[in-house]
Every structure is written in structure tokens, then in C-alpha cells.
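Now for the letters of each chain:
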Amino acid sequence: LPTQRSMAKSNKILTVRNREIFSVVRDTLLDGECASVAVRGESMLPFFRSGATVRIEPLREEDIRRGNVLFAQTDDGHYLIHRLIDFEGEDRVTLMGDGNYVGTESIDRNRLLGCVHISTLHRWLALGWVALRPIRKIPLILLHKVCRK
């Protein structure tokens, strides 16, 4: 079974498949409204643990900057919530999960759909975390073990 997401509505919890919920989130953002989703997995540790609720806001041009967490759709149609770590010319950006020490996603700017609301402090701490990328494997191994319990 694919991973599932939970979305609260009128004090009820509805669990649906990733692709279904994220297509609704995409449509909501394109309509100019915000959406909240519970994240699953460990790809955004240490900043978002599995089960944390994030608020995704419609994307503005000024949101496309290093350190921001973006909601995007990959070229093969998968949705993800990862941090912008680099620019690839005018048309593409590189995203990477904070909890990953290898593996990035190259995303067309037209496939960036929203920006996760984070504080200024969160963004600055995350930029430091991104700078630690070459050596963050060890703390991530420990975090993954702790957070699975």
C-alpha cells in the first residue's frame, strides 16, 4: 500500500493516498488558498518529524530562495516537500530533504506549487544544516534511529 496522509476537516481525520491528497493540495494552492497536511517519513528530519503538520501557502516568486521548504511535483508526477538548496540556471532548482545525505531532485520552476510556512529562525538554522551536508551523515543516522522508536 502507498504511504498515506491525514487531513483534519471538521474535527474528523480522513486518511487518503499521497497522490490523491497532494492533487487536492495542488488544486487548493492554485486556487490561492493555503492547505495543511501531516507529513510522513523521515526525509525532513531534524526539522519535521513524521506526523508533524505543515501549512503550505500558495507560491510567490519571492518564496523561491535557498532555505525555503517547497511543495513541488517531479517530472514523473510524484509530489514532495523538500528544501530548496540550489538553482540550476533560470528554469530549474535543486531540492533535497533535510533528512537525506545523498539524493537530490531537479525540479522545473513551473512545477513548484507552494511554500511551507516556516519561521525566520527555522530558515537560518536550516541553511546551517544544509551547509553541513558533507558531514551530516552521522547525526542523521542517530536521528533516524531515535525517531523510529
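Please read all numbers here as calculations on a predicted model, not as lab measurements.

Glancing now at the environment of G67. Residue placement: G67 occurs in the loop between β4 (53-58) and β5 (69-73). With a relative accessible area of 1%, G67 lands in the buried category. Taking the C-alpha atoms as reference points, G67 and L125, 58 residues apart in sequence, are found 9.0 Å from one another. Filtering out sequence-adjacent residues up to four positions away, G67 remains in contact with R83, L84, I118, R123 and L127.

Time to look at the confidence of the model for the protein chain. Residue-level pLDDT values for the protein chain average 85, and 88% of them are 70 or greater. Averaged pLDDT values over the elements of the protein chain bottom out at 44 in strand β1 (residues 4-9) and peak at 97 in strand β9 (residues 112-116). In the model, residues 1-9 has pLDDT below 50 throughout and makes 30 contacts with residues more than four positions away in sequence or in other chains.

When you line up the elements, R136 lands in the loop between α2 (120-131) and α3 (137-148). The side chain of R136 is buried and forms no salt bridge, while D98, the nearest opposite charge, is found at 4.9 Å. When near neighbours in sequence (up to four residues on either side) are disregarded, R136 contacts M96, G97, D98, N100, W129 and V130.

One open sheet accounts for seven strands, arranged β3-β4-β9-β5-β6-β7-β8; its pairing is antiparallel. Every interior strand has two partners, whereas the edge strands, β3 (35-38) and β8 (105-108), have only one. Each strand axis lies, on average, 45° off the axis of its neighbour in the sheet, ignoring direction.

So, on to the packing of aromatic side chains. If you walk through the whole model with that rule in mind, you get three aromatic pairs. Aromatic side chains F22 and F71 sit 5.2 Å apart centroid to centroid with 45° between the ring planes, which places their arrangement in the tilted category. You can see F22 sitting in helix α1 (residues 18-30) and its partner F71 sitting in strand β5, a full 49 residues away along the chain. The same class applies to F22 and to F71, which are both buried. Measuring from ring centre to ring centre gives 5.6 Å for F71 and Y79, while their planes differ by 10°; the resulting arrangement is stacked. Across the pair, Y79 and F71 agree in class, each one buried. Here the aromatic cluster, defined as three or more aromatic residues joined through ring pairs, consists of F22, F71 and Y79. Directly above the aromatic system of F47 lies the positively charged group of R83, at a separation of 5.2 Å from the ring centroid. Above the ring of W124, the side-chain terminus of R123 is found at 6.0 Å from the ring centroid.

Attention now moves to the pairing of β9. The side chains of a regular strand alternate, first on one face of the sheet and then on the other. In terms of residue burial, β9 counts as a mostly covered element, since five of its five residues are buried. Relative to β9, β4 runs antiparallel, the two being bridged by three bridges. Bridging from a neighbouring strand, P58 pairs with G114 of β9. By the bridge criterion, three bridges tie β5 to β9 in an arrangement that is antiparallel. In the sheet register, A72 faces β9, and the bridge partner there is L112.

This next bit is on the pattern of salt bridges. The full count for this structure, using the stated rule, is 10 salt bridges. The partner of D27 in a salt bridge is R26, with the nearest N and O atoms 3.0 Å apart. The class for D27 is partly exposed, based on a relative accessible area of 36%. Its relative accessible area of 22% is what places R26 among the partly exposed residues.

Definitions and limits used
Starting from 1, residues in each chain are numbered consecutively following that chain's sequence as written. With the structure being a predicted model, the display of local features is reserved for residues of pLDDT at least 70 and the display and counting of side-chain atom pairs for 80 or more, all residues being used for whole-chain, interface and lining totals. Calculation of side-chain values draws on the structure's entire complement of heavy atoms; hydrogens and water are dropped beforehand. Here a strand is any run of E in DSSP of at least two residues, a helix any run of H or I of at least four, and the numbering for each starts at the N terminus. Under the scheme applied here, a residue whose accessible area is under 20% of the maximum for its type counts as buried, over 50% as exposed, and between as partly exposed, the area being computed with a 1.4 Å probe on protein chains only. What makes two residues a contact is simply this: any of their non-hydrogen atoms within 4.5 Å. Here pLDDT means the predictor's own confidence in every residue, given as a number from 0 to 100. When charges are counted, Lys and Arg are positive and Asp and Glu negative, with His and the chain ends excluded. The term salt bridge refers to a side-chain nitrogen of Lys or Arg lying within 4 Å of a carboxyl oxygen of Asp or Glu. What makes two strands pair is DSSP finding at least two bridges between them. The axes are straight lines fitted to the C-alpha atoms, using for helices just the contacting stretch, and the angles between their N-to-C directions are given from 0 to 180°. Only Phe, Tyr and Trp rings take part, Trp by its six-membered ring, and two of them pair if their centres are within 6.5 Å. Stacked means planes under 30 degrees apart, edge-to-face means over 60, and tilted covers everything else. By definition, being over a ring means that NZ of Lys or CZ of Arg is both within 6 Å of the ring centre and within 35 degrees of the ring normal.

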